[in-house]
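As a plain string of letters, each chain reads:
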Amino acid sequence: MRAAALLLLALLPFRPLPGRAARPKLALPIRPDTDPLPPGGAAGCAFGGHFYALEETWHPDLGEPFGVMRCVICHCEPQRNRRGKPVGKVNCKNMKQDCPVPACPRATLLPGHCCHTCPKGPPEKNLAPHLDTFEYFQDKEDELDKPYNDRSYLSSEGLARDDARTEFVALLTSSLEPWHPTSSAVAKARFTLLRSSLLFSISYERLGRPSRVRFSDPEGNVLFEHPVQKSAAPEDGMLCGMWRTVSKANVQLLRGEQLRVSLITRAQPSGEVHGHILKHRALFAETFGAILTSSDPLHLGAGGMAMLTLSDTESNLHFILMARGLLEPGAGESSSVPLRVRILHQGQMLREVQANITREDPDFAEVLSDLSAQELQWLVQGQLRIVAETEGQHSRQLAGTITTRRSCDTIQSVLCGADALMPTKTGAVGSAKLALHENGTLEYQVRVVGTASEVVGITLETKPRRKSKRNILFDMTPSYKDGLAWGAWQSPSARDAHMLLQNELFLNVATKDWAEGELRGQVISLPYSGLLARYTEMPVALAGQLVSPPVSSGAGGHAWLSLDEHCHLHYEISVAGLGRPSDGTVSAHLHGVAELGEMGARPHQHKRLLKGFYSTEAQGVVKDLDADLLQHLAQGTAFLQVSTKAHPHGEMRGRVHIPNQCHAGGTRLTPEEALGEAQLLEGSKTRDLEQLKKDPNSCFFEGQHRAHGTRWAPDYDKKCSICSCQKRTVICDPILCQPLNCTHQVHPEELCCPICEEKKREQEELKLERARDSSEGCYFDGDKTWRGSGTRWHPVVPPFGLIKCAICTCKGTTGEVHCEKVQCPRLTCANPVRVNPSDCCKQCPAPEKSVPELADSMQADGPRACRFGRRWYLNNESWHPSVPPFGEMKCILCWCVSGETHCQRQECPPSACASPATRDNPCCAKCRALDTPSDAQEKVLDDKVEAWSH
């Protein structure tokens, strides 16, 4: 149960105080999760020896002298178990951050209340109805991609409208600011919100290489900055990046079109181009695009972009033009200006459209109907230009080249037997990577492994019109040799390119035994992930035929793997055909696990369990590979294996060869890892549930099994507590907030710790700007600050706070942040202790307080020491007890008397309430109750001081 692991005092027996009548032994009313439910098996929650019905709320009672925790509210949430029966789950939350700010300077805390109120003011509002904080975040169990075979497929529109994937766009110019524009540069940015990460692909013109991408709120506060890596883009004039773990508040700003993005350059450290991030209906269908710049280089701050797409059946070209700077600054909001849009080929006008635009509505949409075959060919080859110009005395002109849609995504396909027109189970697989260039050329690489017979055809096709009628667009068979088809399609049509970018094409592999196709796969754009190996290498094919012994499976997959300079293994796995919603053999959310182990006679001697699958993909980083596995990777004797319920010993496998000179896996974090708080704190990799249950060192807490060494935010307090599993014992500690060097502090609702409200001083800003401009600083997303080259610090990772067990270093030459675990010294004592809860390393206790001496003193004739929780206290020593997650109980005082611990809540007699210092004491509840009605005063005065002893 939640509270059982939090209150270490729950296991302590209690004894009566000397001089008082003997009372039964007291214990904190905390019981394990196995408390029996009421007769009849009614659904609900067992907590603290009590049973609560579904949807019931309560304040937890920790017993005397702690009493009822008025600032904590628990809720019995209704859920269903695997058999579909209703069950309850307890979630507790600290409500103190929801208290309103009192309007008076001397607010008091009345007995039985959580929030301070003004004297004789209105009664405190009940916070219990705020149950919207008790959200049950259950991973969405989306259905597997439907087997497209000859009946259905996954379209780009379906992808764009998926709840877990949302598209946004931004036009960036230098005219957004109120002052005079300083640049003629223009950029177009596409964003994809995928679960909790924001992926972005930005193409730009008339702009030097940006150094950072900055995201800010409407007030100009910087929310996140992404340092631009030189090699993190597939082509020139583009940059790719990812904002990991975007907070809920920032997601709301994004969906509300309140976020602004800027590109930072050395010439303009405050941002050379800016733009608001917007939703747009044309994003999901866009297959062609253009960036428009001013024809007059002296016309600063002007720019535009066009999003274009073809009709589904006719040769019509739909486009939307978004422009800035075409209208004169003095033009009124509603004044209409004539606009002429032309489509040119080598200076010759092919089409012309005229319309009127206003400052209030500067965007323009139109349809160019019945394009000829020649016009469509010029379109896909990047030979058409779009020109937009205003007419009149102060005419302005924007122009740009139309190309196929530019993106950081990877066009790829996994070919398997389960997706063939006539499904097969031969254990073969096909792996393909494609690239569509701006001149319309389609470059392809298709690898085929493990087919039952000779490959006789590799073709790029559309969805079949009828079951036995395939529609072939391009035959790759002539370029196939030794298991690999490699080449380029020089002349795809505009319709072909449109369908490719709309995820409407398929690759088909025919063999002698399967003339219509042994393997088939849909060509899909894989969202950007930050793994640069995608752009430089072919993925590793994963096939059932490569398993030992071979498996005749209809599934297949491929994976990209790479080792960085710190010997961290980055991997990304895509699979297809593992399961369908109808067979139920594989969960739609978790297909299986991937293992990295060595080949040879003893394949399971060295292996690592990688992260489980989300839908059909898995990706992550392994930072602590042992030396033997690294050597096998260098020798090419390692393999990547995917297992499922149907094939627990492996359903597909691929050989992995990564030349390296690593001796052992590093413990430092890569910059991408430093941005992800969840990956930093989870500690160890996800394990199979059955394996965790059998592990004698695993922990069971809040209804979940946790592996030894893992760290997580508990459900009862996700913002301000951290729990860890240490050999069957769950230890929960409150988050430590870093000290702030500012006069004005604010406490956002979504954060545990307060932050500085005021902006940094001019001197600090100048110092940071110098670090940024010199490209010798590092940006750390934890506290969203820049650090100078060589700086070392303990990281702050929201919402978990200051992590004292890690230390980070800024490598100024590369702009990377490296974090490593603090190495604690080896201790010679038998029972080391952690002096302060915030300390990372344990210490040997002082000689006068060492456990052996204290133990000896218990046997001696002198006064004995007391043990309270995990610490020893000498005779006559006093202290305030600490109870996670509530912290130090300052209104309770404990002291040691001859081996017995006595604790008592501090109270103030009525005669002392006249003193202002006493009345302001937060522990003097009776004095603060003097302003309450008379009946409440009588109730308070009738309360007696109770104490308990150990």
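Residues numbered from 1 in each chain as written. Predicted model: local features only at pLDDT ≥ 70, side-chain atom pairs only at ≥ 80, totals over all residues. Heavy atoms only, no water.

S.K.: Please give an account of the overall build of the protein that cites residues and values.
M.R.: Per the secondary structure count, the protein includes 15 helices and 61 strands. Within the protein, the proportion of its 950 residues that are buried is 49%. On the protein, roughly 46,000 Å² of surface is accessible, and the fraction owed to carbon and sulfur atoms is 50%. (Helix = DSSP H or I, 4+ residues; strand = E, 2+ residues; numbered from the N terminus. Buried < 20%, exposed > 50% of the residue type's maximum accessible area, 1.4 Å probe, protein only. Areas by Shrake-Rupley, 256 points an atom, 1.4 Å probe, with all protein chains shown as cover.)

S.K.: So, the pairing of strand 44 (residues 729–734): which residues are in play, and what are the values?
M.R.: Two elements, strand 43 (residues 721–726) and strand 44, share six bridges in a ladder whose sense is antiparallel. Bridge assignment links Ser721 to a residue of strand 44, and that residue is Pro734. (Pairing = 2+ DSSP bridges.)

S.K.: I'd like a description of the state of the cysteines, backed by residues and values.
M.R.: As used here, a disulfide is simply a covalent bond connecting the sulfur atoms of two cysteines. Enumeration over the complete set of coordinates arrives at 13 disulfides. A disulfide bridge connects Cys45 with Cys76, and the sulfur atoms are separated by 2.1 Å. Taking the torsion about the S-S bond as the criterion, the Cys45 to Cys76 disulfide, at about 85°, is right-handed. On the criterion of sequence distance, the pair formed by Cys45 in strand 1 (residues 44–47) and Cys76 in strand 4 (residues 72–80) is long-range, its members being 31 residues apart. (Disulfide = S-S within 2.5 Å.)

S.K.: With reference to specific residues and values, describe helix 7 (residues 627–635).
M.R.: Listing the buried residues of helix 7 in full gives Leu629, Leu630, His632 and Leu633. Down the axis of helix 7, the sector holding all buried residues measures 160°, keeping them to one side. Sitting at the head of helix 7, Asp626 places a side-chain oxygen 3.1 Å from the backbone nitrogen of Asp628. Gly636 sits one or two positions beyond helix 7 and adopts a positive phi of about 80°. (Arc of directions from axis to C-beta. Polar contact = N/O pair within 3.5 Å; in protein donor to acceptor, adjacent residues only side chain to side chain.)

S.K.: Lay out the pattern of salt bridges in plain terms, naming residues and giving numbers.
M.R.: Inspection of every chain in the model, using the stated rule, returns 17 salt bridges. Glu438 is paired through a salt bridge with Arg406; the nearest N and O atoms lie 3.1 Å apart. Taken as a pair, Glu438 in the loop between strand 23 (429–436) and strand 24 (442–449) and Arg406 in the loop between strand 21 (397–404) and strand 22 (410–415) lie far apart in primary sequence, 32 residues in all. The class for Glu438 is partly exposed, based on a relative accessible area of 34%. One network of salt bridges, in which partners are shared, links Glu167, Lys188, Arg190 and Glu286. (Salt bridge = Lys/Arg side-chain N within 4 Å of Asp/Glu carboxyl O.)

S.K.: Break down the side chain of Gln445 for me, citing the residues and quoting the values.
M.R.: Examined against the element boundaries, Gln445 turns out to sit in strand 24. On the accessibility criterion, Gln445 (18% relative accessible area) is buried. Among all residues touching Gln445, those that are not within four sequence positions of it are Ser431, Ala432, Lys433, Ala485, Trp486 and Met538. (Contact = heavy atoms within 4.5 Å.)

S.K.: Please set out helix 5 (residues 494–501) residue by residue, giving values where relevant.
M.R.: Counting buried positions over the eight residues of helix 5 gives seven, a clear majority of the element. Taken together, the buried positions of helix 5 are occupied by Ala494, Asp496, Ala497, His498, Met499, Leu500 and Leu501. Just past helix 5, the residue Asn503 takes up positive phi, approximately 60°.

S.K.: Any chance you could break down the nonpolar core for me, citing the residues and the numbers?
M.R.: Core analysis: the biggest nonpolar cluster contains 58 residues, and Leu379, Ile386, Ile402, Leu460 and Leu507 have the highest contact counts within it. When sequence neighbours within four positions are dropped, the list of residues in contact with Leu460 reads Leu442, Asn471, Ile472, Leu473, Phe474, Met476, Trp489, Leu505, Phe506, Leu507 and Val523. Among the nonpolar cores identified, the runner-up in size contains 30 residues, and Ala189, Leu239, Val251 and Ile277 belong to it. (Core = buried A, V, L, I, M, F, W, Y, C linked by side-chain atoms within 4.5 Å.)

S.K.: How would you explain the pairing of strand 29 (residues 505–511) if you had to name every residue and give the values?
M.R.: With respect to burial, strand 29 is a largely interior element, seven of its seven residues being buried. The two faces of strand 29 match: Leu505, Leu507, Val509 and Thr511 on one face and Phe506, Asn508 and Ala510 on the other face are all buried. As defined by bridge partners, strand 29 adjoins strand 30 (residues 519–522) across four bridges and the pair is classed as antiparallel. When the sheet's bridge partners are listed, Leu507 is paired in strand 30 with Gly521.

S.K.: I'd like to hear about a positive patch on the surface, residue by residue, with values.
M.R.: Taken together, the side chains of Arg834, Lys842, Arg867 and Arg870 present a region of like positive charge at the surface. Among the residues examined, Arg867 registers a relative accessible area of 45% and is labelled partly exposed. (Patch = residues over 30% accessible without salt bridge, like charges linked within 9 Å, V, L, I, M, F, W, Y side chains within 5 Å. Lys, Arg positive; Asp, Glu negative; His and termini not counted. Charge placed at Lys NZ, Arg CZ, Asp CG, Glu CD.)

S.K.: Quick rundown of the sheet that holds strand 30? Include the residues and the values.
M.R.: Each strand in a sheet pairs with its neighbour through backbone hydrogen bonds, running either in the same direction (parallel) or in the opposite one (antiparallel). Read across the sheet, four strands follow the order 26-25-29-30 without closing on themselves; strand pairing throughout is antiparallel. The open sheet has two free edges, formed respectively by strand 26 (472–475) and strand 30, since each of these has just one partner strand. Pairwise comparison of adjacent strand axes, ignoring direction, gives a mean angle of 25° for this sheet. (Axes fitted to C-alpha atoms, helices over the stretch in contact; angles between N-to-C directions.)

S.K.: Quick one: what's the story with the packing of aromatic side chains, residue by residue and with numbers?
M.R.: Centre-to-centre distance and the angle between the planes together describe a pair of aromatic rings. This model, assessed by the stated rule, comprises 13 aromatic pairs. Centre to centre, the rings of Tyr444 and Phe474 are 5.9 Å apart; their planes meet at 65°, and the pair counts as edge-to-face. Of the two residues, Tyr444 is situated in strand 24 and Phe474 in strand 26; the sequence distance between them amounts to 30 residues. Exposure class is identical for Tyr444 and Phe474. Each is buried. Plain terms: the ring middles of Phe701 and Trp712 are 6.1 Å apart, the flat faces sit at 50° to each other, and that makes the pair tilted. (Phe/Tyr/Trp six-rings, centres within 6.5 Å; stacked < 30°, edge-to-face > 60°.)

S.K.: Requested: an account of the side chain of His226, with residues and values cited.
M.R.: Inspection of the secondary structure assignment puts His226 in strand 10 (residues 222–227). The contact partners of His226, leaving out residues within four places of it in the chain, are Phe200, Ser211, Arg212, Val213, Cys240, Gly241 and Met242.

S.K.: Can you explain unusual backbone geometry? Please cite residues and give values.
M.R.: Cis geometry is found at the peptide bond from Ser548 to Pro549, where omega equals -5°. Tracing the sequence through the fold places Pro549 in the loop between strand 32 (540–542) and strand 33 (556–563). For Glu257, which is not a glycine, the phi torsion comes out positive at approximately 55°. Within the secondary structure layout, Glu257 lies in the loop between helix 3 (248–255) and strand 12 (260–264).

S.K.: Tell me what's going on with the environment of Thr462, and back it up with residues and numbers.
M.R.: Relative to the helices and strands, Thr462 is located in strand 25 (residues 455–462). Filtering out sequence-adjacent residues up to four positions away, Thr462 remains in contact with Asn471, Leu473, Met499, Glu504, Leu505, Phe506 and Arg520.

S.K.: Describe the confidence of the model for the protein, listing the residues and the values that go with them.
M.R.: For the protein, the mean per-residue pLDDT works out to 75, and 71% of the residues sit at or above 70. Taken as a whole, residues 581–592 scores under 50 in pLDDT and shows 31 contacts with residues more than four places along the chain or in a different chain. (pLDDT = per-residue confidence, 0-100.)

S.K.: So, the sheet that holds strand 11 (residues 238–243): which residues are in play, and what are the values?
M.R.: Across the sheet, four strands lie side by side as 6-7-8-11; this open sheet has antiparallel pairing. Bordering the open sheet on either side are strand 6 (165–172) and strand 11, each of which pairs with just one other strand. When the angles between neighbouring strand axes are averaged without regard to direction, this sheet yields 15°.

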